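An overview of the molecular structure
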Amino acid sequence: MMTDGFLIVVALAGLVTLALKCAFIEGQQYFKLPPWFTESLEFVPPAVLCALVIPGIFQGDVGLVSAFGPVAVDPKPIAACIAAITFFATKKTIPTLIIGMVSLYAIYWLQF
Amino acid sequence: MLPLLPGIVPFGLIAGFTPVSFGYTWIDSIMGSLLMFAGASQLAAYQLMDEGASLWVILMTVAAINLRYVLYSASIAPYLANANRTSRLAAGYGLTDQIYSVCQRDYPTHDWNLNERIAYYGGGTLVLWLLWQLCTLVGALIGQVIPVFWSLEFMIPLTFLALALNTLKTNAHRVTALTGAGVSFLGLELPYNFGLMLGGLLGILAGVLYKRFSG
């Protein structure tokens, strides 16, 4: 079984991605990017990734809440802070993910 | 290339099980990885779909996250300029952070002809592509049996957090990140994920201005 709405979104997103990936391999004969554009590209990842983290941390409820009920303080922002500290200390992604998840569980169950 | 492969395994697993944890099927998940083949933007698209974001917000966000490929593409293009159209399109589809990093290192220092350059690019990309699709499949199948209370969907913001913190090379990048996060936070209640878009744009602007006026 496939989900139509999902497929349409990923197909269009795939086209956008392909267009960007091919932009120069295909289009180098036809156009040149303005300098202000290439200059600002280096700031796209920190800006967009940080903007994207926020709703994931402050909106919605994790599976724990839908399975076992709400707690007084949302564990997500605190777990994310602990994960951030872990990343600054280790510079590694996997420990950051593991400690972030463990913190999430711990902060939820401490309040349960 | 080989040292870069283990890093994509957990990311591929997350990309695989995320759609399943949001209630989509494992085939949907596979199609996401086949059609997009760009990890961070896949996760962003899935998260935004789950939040009920509109199509244009999803596409804009995907485009923003994948803008870096324009730069990669520009730097690789001269080496593949005389390849035929099929090879160029395949190279475009297969472009990743990983293959870019090895090609921009090795193309200038080796005296390869076009076929050798294509073989180098194609071989590395094929291995990476197969591993990514395999991890997606495994992740999607695991996702179907992991109970919801594991809250694995929280790994998406954690992954973005780690990716974001990894980009904070200079003060200009830090200003960018703080602005992006701050504006996104203030705009949480705005409709159509407008806060997210505004955070991204003002973050970039803040970084450019900081760099320009700080020296």
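Residues numbered from 1 in each chain as written. Chains lettered and ligands numbered in written order. Predicted model: local features only at pLDDT ≥ 70, side-chain atom pairs only at ≥ 80, totals over all residues.

1. Side note on the environment of Asn193(B)
Residues and elements named next belong to chain B. Within the fold, Asn193 resides in the loop between helix H10 (171-186) and helix H11 (194-213). Residues Asn193 and Ser54 lie 139 residues apart in sequence; the distance between their C-alpha atoms is 8.3 Å. In this structure, Asn193 is in contact with Leu48, Ala53 and Val57, ignoring residues within four places of it in sequence. (Helix = DSSP H or I, 4+ residues; strand = E, 2+ residues; numbered from the N terminus. Contact = placed C-beta atoms within 7 Å.)

2. Section: the environment of Gln133(B)
Residues and elements named next belong to chain B. If you trace the backbone, Gln133 turns up in helix H8 (residues 114-145). Judged by local crowding, Gln133 falls into the partly exposed class, with 16 C-beta atoms found within 10 Å. For the pair Gln133 and Met31, spaced 102 residues apart in sequence, the C-alpha separation works out to 9.5 Å. Contact partners of Gln133, with chain neighbours within four places excluded, come to Ser33 and Leu34. (Buried ≥ 20, exposed ≤ 12 C-beta atoms within 10 Å, placed from the backbone.)

3. Quick notes on the domain arrangement of chain B
Residues and elements named next belong to chain B. Examined at the domain level, chain B breaks down into domain 1 (1-150) and domain 2 (167-215). Inter-centroid distance (C-alpha atoms) of domain 1 to domain 2 is 25 Å. With seven residues of domain 1 at the contact, the number on the domain 2 side is five residues. With four residues, the single largest contributor to the side of domain 1 that touches domain 2 is helix H4 (residues 55-65). Of the residues assigned to the side of domain 1 that touches domain 2, the class counts are five nonpolar, two polar and no charged. (Domains from an automatic or database assignment. Nonpolar A, V, L, I, M, F, W, Y, C, P; charged D, E, K, R; others polar.)

4. Here we look at the packing of helix H3 (residues 44-58) of chain A against H10(B)
Following both chains from N to C, one finds H3(A) and H10(B) inclined at 35°, their axes separated by 7 Å at the closest point. Considering how the two elements wind past one another, H3(A) and H10(B) form a crossing that is right-handed. For the pair formed by H3(A) and H10(B), the contact residues are Pro46(A), Ala47(A), Val48(A), Cys50(A), Ala51(A), Val53(A), Ile54(A) and Phe58(A) on the first element and His173(B), Thr176(B), Ala177(B), Gly180(B), Ala181(B), Ser184(B) and Phe185(B) on the second. Here the contact of H3(A) with H10(B) is composed, by residue class, of eleven nonpolar, four polar and no charged. (Axes fitted to C-alpha atoms, helices over the stretch in contact; angles between N-to-C directions. Left-handed = near helix turned anticlockwise from the far one by under 90°.)

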